[in-house]
Amino acid sequence: MPKIDGSPALRGGGAARSPRAANYKIEARLDPLRHTLVASETLTWTNTSASEVDMLPFHLYLNAFKNEQSLLMRSSQGMVRQAKVSETGWGFLQIDSVHVAGVDLTAKLHPPADAAGDESVVELPLTQPVAPGATIEVAFKFTAQLPEVFARTGHKGDFHMVAQWFPKIGVRVGPPGAERWDCPPLHANSEFFADFGTYDVALTVPSTHTIAATGVLTNAVDAGRGMRTLTYHAEDVHDFAWMADPFMDVMSGQAKLVDEGTVEVRVYYRAEQKDFARRHLDAAIGAVEKFSAMFVPYPWPIMSVIDPPVDAMSDAGGMEYPTLVTTAGDSVFARPGIRVPEYVTVHEVGHNWFQGILASNEADEAWLDEGVNEWADAHVMAELYGQRTSLLDWMGWQGELSAVVRAATISKRETPSAIATAAYAFVDSAAYAESSYGATQRALLTLERAVGSQRFLAAMKAYAKAFAFRHPTGRELFDLLSSELGQDLSWFFGPVFHEVGGLQLALRHAGCRPAHAARGVFGDGSAKKTVTELEAPDTGTWRCDVVVQNTGTVHVPVEIELRFADGSTKQLRWDDRGTGNWERFVVERSSRLVEVWLDPENKIALDNPTAHHYRLDGDGAAALRAGAWFSSFTQTVLQIVGP
Amino acid sequence: MARLGLGDLIGAGPRAVSRYTGTLLAVFVVQSLIAATCMIAVALVFAQAFAHLPLFDDAVDGDLVALLYCLRYGKPSLVATGGIVFAAVVLWQLASWFLVGGLNGVLAQRPEGRGDTARCFGASGAATYLAYARLALCALPGWVVVLFVFGTATSLVSSHIVHALTVPELIGALAVAVLPAALLLHLLWTVSDYARVELTLRHDTHDPGVIATYLRTLSYVLRRPVTLVHGAIGWLLFGLVTAAYAYLAQGHPMYGAGGAVTLFVARAGVSLLRMAFRFGVLAGQIELGRTRPLPPRRIEVNLDSKS
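Residues numbered from 1 in each chain as written. Chains lettered and ligands numbered in written order. Predicted model: local features only at pLDDT ≥ 70, side-chain atom pairs only at ≥ 80, totals over all residues.

S.K.: Outline the overall build of chain A, supporting the account with residue identities and numerical values.
M.R.: Broken down by element type, chain A carries 11 helices and 35 strands. With the principal axes as the frame, chain A shows a C-alpha extent of 115 × 75 × 50 Å. For chain A, the proportion of its 643 residues judged to be buried stands at 49%. By sequence separation, contacts in chain A at least 24 residues apart represent 69% of the contacts at least 6 residues apart. (Helix = DSSP H or I, 4+ residues; strand = E, 2+ residues; numbered from the N terminus. Buried ≥ 20, exposed ≤ 12 C-beta atoms within 10 Å, placed from the backbone. Contact = placed C-beta atoms within 7 Å.)

S.K.: Describe the interface of chain A and chain B, naming the residues involved and giving the relevant values.
M.R.: Opposite the 44 residues of chain A that make contact, chain B presents 58 residues. Of all the elements in the fold, those that place two or more residues in the side of chain A that touches chain B are β26 (397-399), α6 (401-409), β35 (613-615) and α11 (621-641) of chain A. In terms of residues, the side of chain A that touches chain B owes the most to one element, α11 of chain A, which gives 18 residues. Residue classes in the side of chain A that touches chain B are distributed as 21 nonpolar, 17 polar and 6 charged. (Nonpolar A, V, L, I, M, F, W, Y, C, P; charged D, E, K, R; others polar.)

S.K.: Requested: an account of the packing of helix α2 (residues 274-294) of chain A against helix α4 (residues 340-350) of chain A, with residues and values cited.
M.R.: Residue and element names in this part refer to chain A. At a minimum axis distance of 8 Å, the contact between α2 and α4 shows a crossing angle of 40°. Between α2 and α4, the angle is such that the two are oblique. Both α2 and α4 take part in a crossing whose hand is right-handed. Seen from α2, the contacting residues are Phe 276, Arg 279, His 280, Ala 283, Ala 284, Ala 287, Val 288 and Phe 291; seen from α4, they are Pro 341, Glu 342, Thr 345, Val 346, Val 349 and Gly 350. Considering only residue class, the contact of α2 with α4 consists of 9 nonpolar, 3 polar and 2 charged. (Axes fitted to C-alpha atoms, helices over the stretch in contact; angles between N-to-C directions. Parallel < 35°, antiparallel > 145°, perpendicular 65-115°, else oblique. Left-handed = near helix turned anticlockwise from the far one by under 90°.)

S.K.: Which residues make up the nonpolar core, and what are the values?
M.R.: Counting residues in each nonpolar core, the largest one holds 210 residues, and the members touching the most others are Ala 284 and Val 288 of chain A together with Val 42 of chain B. Counting only domains with at least three residues in this core, you end up with domain 1 (21-195) and domain 2 (505-623) of chain A. Those residues in contact with Val 42 of chain B that sit more than four places away from it in its chain are Ala 626, Gly 627, Phe 630 and Ser 631 of chain A together with Thr 81 and Ile 84 of chain B. Membership of the second largest hydrophobic core comes to 38 residues, among which are Leu 99, Val 100, Leu 103 and Val 210 of chain B. (Core = buried A, V, L, I, M, F, W, Y, C linked by C-beta atoms within 7 Å. Domains from an automatic or database assignment.)

S.K.: If you had to explain the sheet that holds strand β22 (residues 302-306) of chain A to someone new, which residues and values would you point to?
M.R.: All names here are of chain A. Read from one edge to the other, the open sheet built from 5 strands follows the order β20-β21-β22-β24-β23, with strand pairing classed as mixed. Whereas interior strands pair on both sides, the edge strands pair on one side only; in this sheet they are β20 (248-256) and β23 (319-321). Strand after strand, the sheet turns through a mean of 15° between neighbouring axes, direction not considered. Examined bridge by bridge, β23 and strand β24 (residues 324-326) share 3 bridges and lie antiparallel to one another. Along β24, the bridge assignment pairs Met 319 with Thr 326. Those strands touched by α2 are β20, β21 (262-270) and β22, and its axis lies near 155° from that of β21. Contacting β22, β23 and β24, α4 runs over the sheet at an angle of about 145° to β24. (Pairing = 2+ DSSP bridges.)

S.K.: For the domain arrangement of chain A, give the residues involved together with the corresponding values.
M.R.: Each assigned domain of chain A is listed with its residue range as follows: domain 1 (21-195) and domain 2 (505-623). Here domain 1 of chain A and domain 2 of chain A have C-alpha centroids that lie 62 Å from each other.

S.K.: Before we move on, can you summarise the sheet that holds strand β17 (residues 216-224) of chain A with the specific residues and values?
M.R.: Remark on secondary structure: sheet strands pair via backbone hydrogen bonds, oriented parallel or antiparallel. All names here are of chain A. Reading across the sheet, the 8 strands line up as β7-β6-β9-β2-β1-β15-β18-β17 and stay open at both edges, with mixed pairing between neighbours. Of all strands in the sheet, those bounded by a partner on one side alone are β7 (103-104) and β17. Sheet topology places strand β6 (residues 92-100) next to strand β9 (residues 135-145); 8 bridges connect them, and they run antiparallel. Residue pairing for β9: Ser 97 is matched across the bridge by Lys 141.

S.K.: Report on helix α8 (residues 453-467) of chain A, specifying residues and quantitative values.
M.R.: All names here are of chain A. A rise of 1.5 Å per residue sets the reference length of α8, with its 15 residues, at 21 Å; its end C-alpha atoms lie 21 Å apart and thus fit the reference within 8%. Turning to α8, its buried residues are Phe 456, Ala 459, Met 460, Tyr 463 and Ala 464. Taken around the axis of α8, the buried residues stretch over an arc of 145°, which confines them to a single face. Facing away from the buried side of α8 by over 90 degrees, the exposed positions are Gln 454 and Lys 465. Positive backbone phi, at 60°, marks Phe 469, one or two positions downstream of α8. (Expected span 1.5 Å × (residues − 1). Arc of directions from axis to C-beta.)

S.K.: Explain the packing of helix α7 (residues 167-201) of chain B against helix α8 (residues 210-223) of chain B residue by residue, including any values.
M.R.: Packed helices, taken two at a time, are described by the angle their axes make and the gap between the axes. All names here are of chain B. Two elements in contact, α7 and α8, have axes whose closest approach is 9 Å; the angle formed by their N-to-C orientations is 120°. Regarding the angle of α7 to α8, the classification is oblique. Seen from above, α7 lies across α8 with right-handed handedness. Contact residues: Leu 187, Thr 190, Val 191, Tyr 194, Ala 195, Glu 198 and Leu 199 in α7; Thr 213, Tyr 214, Thr 217, Leu 218, Tyr 220 and Val 221 in α8.

S.K.: Please provide a residue-by-residue account of the pairing of strand β18 (residues 227-237) of chain A, values included.
M.R.: Residue and element names in this part refer to chain A. Here 10 bridges tie strand β15 (residues 197-206) to β18, and the two strands are oriented antiparallel to one another. When the bridges of β18 are listed, Val 205 appears paired with Arg 228. With 7 bridges connecting them, β17 and β18 associate as antiparallel partners. Across the sheet, Ala 220 pairs through a bridge with Leu 230, a residue of β18. The antiparallel hairpin formed by β17 and β18 contains 2 residues in its connecting segment, where Arg 225 sits at a positive phi of about 50°.

S.K.: Give a detailed account of unusual backbone geometry, specifying residues and quantitative values.
M.R.: Residue and element names in this part refer to chain A. If you check the backbone angles, Gln 77 has positive phi at about 50° while not being a glycine. Within the element layout of this structure, Gln 77 appears in the loop between α1 (71-76) and β4 (79-80). Exposure remark for Gln 77: the 12 C-beta atoms within 10 Å place this residue in the exposed category.

S.K.: I'd like a description of the confidence of the model for chain B, backed by residues and values.
M.R.: Residues and elements named next belong to chain B. A residue-level look at chain B finds 92% of positions with pLDDT of 70 or above and a mean pLDDT of 91. No element of chain B has a lower mean pLDDT than helix α10 (residues 256-290), which averages 84, and none a higher one than α7, which averages 96. This prediction of the complex comes with two scores: 0.91 for pTM and 0.90 for ipTM. (pLDDT = per-residue confidence, 0-100.)

Structure representation (structure tokens):
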């Protein structure tokens, strides 16, 4: 029998951190052969809005895996993150009954009017409206068929990743008195949004299986016939996920937080992945410590990291739930020093802040958790593994996380949607990913470098403190940053997050000619005088023109460095905010201009810097070296095909 | 004639290299000229795209981030470079029928003196060029089979390659994917080599047909595994020299245009060594080829003379 966790669900106990609007009691029994759950659920929901409610919408997420008519299948075309849906392993969630105050309302359940064949949301009309501040209990009995793992949920062989598996109520959003339900169907790009609450979940599972779950284990009893019932309790979380597998081992360590508390970090893994599990454990401990120091301390006593079996990794790996995440990246190609597994773990653990604690709407504002988390990941990885080697330190190759990701992913063409676009409204998953992850990270990095790292980190910490256990929006983040940084930043947030166009910085022209007094014909009549090269000889200095342009919509101050033939440099600054899209600089020097470097300190992460550094006279030495490499390669091939 | 063993075949290599060093160097010069032309063409392509961007210098000197930008920014240059390399390989393949014919001729006839050697080389290369070209066409179905075997074996173990967690697991999966095709490729390659030897040795006396020669040689190679072992030793040495150079060169980027020349010279040395191995293998194949049973002699019958 597994050891009971002795700690309270919140570290140190204490009062509720959130409004706890949606509280669940669930009893579920797993059939590991059929991959089904038979369960009962009692939801205690409090209407925290200022308007009356006469209908309750519920997510039945598993129905997104039911058939090809679901929005998930239609929007993903059966493929998420290069992983294909199984044609034989469909999943579903069947409501067997629903009662409110003892009245059977099962027959009243119906899909929303605009469902269009999707069954992942269902509406329950109430016989009695729920007044503001009032509480209602809804009792479900349901059967869940887990799909063959796809889009982070399901089974693969004996491995069960049980997520988004129970009827889950929507969230009231909008201004007081005019609230509406937010309960969209599951889309391939969008993740989740739910109210905080408590969860008491009793899982009856095979005694042979290792279980990891959200919250703390409060009870474990033998249920007979080779089964046992494990009861978990979680507080101030907005989801509950669990994993069952007969082959998993667990290793653990302790994260020491800034508030002098500790968090037990556990990694669940199969024996063949033990070496990777150690790496995940170190990364997870480091992430819990660093995120706690950067934002708010991790509030729960346990952090569980699931390292899925290799054949389930692409489908089940890389997902976040409160106090439990799945990681990925285990591969022979991820040699020690190639920190992809560590990066995935840091990213998923980081989500316990950006969406776990700061519970933004992942469907409407995916960038607010994914992109902000990406930005924070770069800091945490740099602190854990060194600035220059945060992603890569292998065989002489080094790479900083944000720089490598930027170079590998920055789009050469603008996506047709702004960053602050709802996840389901992007033209495709590539545009969603580029905007929500990379572009957001680069935007925050650019702002951080513009205002100073210390100040920006302090402002982000203030944001975390202000909105912990609430549902922050992008607007609230912008307002808080403007307030904390003491300046109106609408000039930045508007075009960066709400407009298409980005930042397209370029050197338009650079050149020098010998300087001299004006030549030509001057004056009229008898006073007419022709000044020739003899009267106005070259002064021995150079007059250099540099024209820079920005054809994007985002305008930020740009540092420009000019380098001259004698080794001297000159720094310029171009602030094109409100001054137009181009600027001409004229410099007179004793030495000729040889290089122009826009943004030499690489502060502007939003733009592609490939052509930012330009030398006026071409130099083919590197091209020759590259040619030598290719010729050597060619000669090897020649010797294989010929003598 | 005494039956030759592996030692005899291997021993023929150094003898041939020491006796016909000039011939070997001449072929190497031709190959190096093609490689150097390739280097200049590639350098021009890259210079066109990157001569004004110091970022490319960093990329060539091993800056990963700069390299990523250049790869993404310079895709047309990379495509052009691929085209140049492909053209060089095709050109060399066409030239190799003449060059191998010349080398086989020299090794078979063992001429003395530079002049005779050069004449022998040219005459043999020219005499067998079209026969070698037809032989290459004849061997094409075999390459298709190699590709099919490789594709099938790879698809069988692709999930093991993707999901490998350790180096032994990866090597095991790759071995299953590559070995069957590699062995078949080696067999077909050896058959082509010995068929060329036959075409050279018996060109003047028997004028053997290409298809018949290929099929007879296939049968011969299957009956004499020493042919495969001998060829494999040559490839093993080839691979070892390449790997040793790659290992020694690791982490030693050379800067400046002078570095490029140094690099070219160092790599040329490696290439020369590898060519010497290939030449040595050819010499062994000629030695063994001499001991093969003679092919049927082609007899022309003039039907008109009967009447």
